[in-house]
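Close look at the chain arrangement
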Amino acid sequence: MTNAKRITKIGLLVLGVLVLAATSWAQTRPPILEQIAKTYGIDSWGQIEAIRYTWNGEITGLFKVARAWTWEPKTGKVSYEGPDSSGKPIKVSYMRSELASQSDVIKNVVDPGFTNDNYWTLFPFHAYWDTSATVTDQGMHKLPAGSGSAELVSVKYGAEIGGYTPGDTWELYVGKDNRVEYLVFHHGGTKKPSLVSATWAAYKKAGPLLISTDHRGMADGKPLRIFLTDVAVKVTGSDTWVNAQ
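Residues numbered from 1 in each chain as written. Predicted model: local features only at pLDDT ≥ 70, side-chain atom pairs only at ≥ 80, totals over all residues. Heavy atoms only, no water.

A short note on the overall build of the chain
- A tally of helices and strands in the chain yields three helices and 13 strands.
- The long-range share in the chain, meaning contacts at least 24 apart out of those at least 6 apart in sequence, stands at 45%.
- A total accessible area of about 13000 Å² is found for the chain, and carbon and sulfur atoms account for 55% of it. (Helix = DSSP H or I, 4+ residues; strand = E, 2+ residues; numbered from the N terminus. Contact = heavy atoms within 4.5 Å. Areas by Shrake-Rupley, 256 points an atom, 1.4 Å probe, with all protein chains shown as cover.)

Set out below in structure tokens:
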């Protein structure tokens, strides 16, 4: 066999493996995951040039904070305004692709905060994007609080994946309209809170995106509220911010 033929054969084998992997992914990811993502606007994500929001979080007796973010998903640029680890207000911008060369405060405080707040803001998209996570559709379950039931979709991140919080599990309670009604978060590490449960309410449209702007519940037995303000997006072809409403 000539080298050219051998390379061609290897290439075909690799292509076959990729096709099988893609097929396997499509078969193992429950269909509701894509349905949820579509409900929140995944088909229009390519139009989003920038998204901004202020993440406001409070757990009684533990913390109270407001962090303002602007994220340009196509470039990976993040701008942040809020407190550092000591509570001192800071204002920074950085490229996530260049995180290794950033200051310790960006690497150890700002970027972990960005990940946390972005997941709370856009988790239906992250669940769809994060193909390394194990997603299972567990059928209809009673809501953790209040009356009624919803479809329970579990998104588990394996400890071997790494990242800021390996081993996390997000349990989404999804209504018939494919909107998340309630979320239960199990922390995979030792960082507190280890168990968070909260409503997903006050839905607003920011351009083509659907976003829940108010979450109320409990964190390790203490009252919790997370809410988003100043939510807006810029779409392709416009320099004007479109406010959520």
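The structure having been displayed, the exposition proceeds.
Some details on empty space enclosed by the protein
- Summed over the entire model, instances satisfying the criterion amount to one cavity of 30 Å³ or more.
- The volume enclosed by the largest cavity comes to roughly 30 Å³.
- Along the walls of the largest cavity sit Tyr40, Thr121, Leu122, Phe123, Pro124, Phe125, Leu210 and Ile211, which together make up its complete lining.
- Elements that contribute at least two residues to the lining of the largest cavity include exactly helix H3 (104-129) and strand S11 (209-219).
- Ranked by the residues each element gives to the lining of the largest cavity, the list is headed by H3, at five residues. (1 Å grid on protein atoms, 1.4 Å probe; cavity = no way out; pocket = protein on both sides within 12 Å on 5 of 7 lines; lining within 4 Å. Points joined across faces, edges and corners; volume = space filled by probe spheres on them.)

Considering the environment of threonine 75
- Assignment of secondary structure puts threonine 75 in the loop between strand S2 (63-72) and strand S3 (77-83).
- On a C-alpha basis, the gap between threonine 75 and methionine 95 in space is 7.7 Å, while along the polypeptide they are 20 residues apart.
- A distance of 3.3 Å separates the side chain of threonine 75 from the backbone nitrogen of lysine 77, its partner in a polar contact. (Polar contact = N/O pair within 3.5 Å; in protein donor to acceptor, adjacent residues only side chain to side chain.)

Quick word on the environment of tyrosine 80
- One can find tyrosine 80 in strand S3.
- Note on tyrosine 80: relative accessible area 3%, which makes it buried.
- Spatially, the C-alpha atoms of tyrosine 80 and alanine 68 are 5.7 Å apart, while their sequence positions differ by 12 residues.
- Ignoring sequence-local partners within four residues, the contact set of tyrosine 80 consists of Arg67, Ala68, Trp69, Ile90, Lys91, Val92 and Val110.
- Polar contacts involving the side chain of tyrosine 80 include one to the main-chain carbonyl oxygen of proline 83, which spans 2.6 Å. (Buried < 20%, exposed > 50% of the residue type's maximum accessible area, 1.4 Å probe, protein only.)

A few points about the pairing of strand S6 (residues 149-156)
- Direction of pairing for strand S5 (residues 134-142) relative to S6: antiparallel, over a ladder of seven bridges. In the sheet register, methionine 140 faces S6, and the bridge partner there is glutamate 151.
- Between S5 and S6, which pair antiparallel in sequence order, lie six residues; one of them, glycine 146, sits at a positive phi of approximately 80°.
- Two elements, S6 and strand S7 (residues 169-174), share six bridges in a ladder whose sense is antiparallel. From the neighbouring strand, glutamate 151 faces S7, where its bridge partner is valine 174. (Pairing = 2+ DSSP bridges.)

Digging into the pairing of S11
- The element S11 is extensively covered by neighbouring structure, given that nine of its 11 residues are classed as buried.
- Two strands pair when backbone bridges link them, and strand S9 (residues 195-199) and S11 are joined in this way by three bridges, in the antiparallel orientation. Paired with alanine 198 across the bridge in S11 is glycine 217.
- Note that strand S10 (residues 201-206) and S11 share five bridges and pair antiparallel. Bridged to alanine 201 within S11 is aspartate 214.
- The hairpin formed by S10 and S11 contains two residues between the paired strands, and glycine 207 there has a positive phi angle of roughly 60°.
- Pairing of S11 with strand S12 (residues 222-235) involves six bridges; the strand directions are antiparallel.

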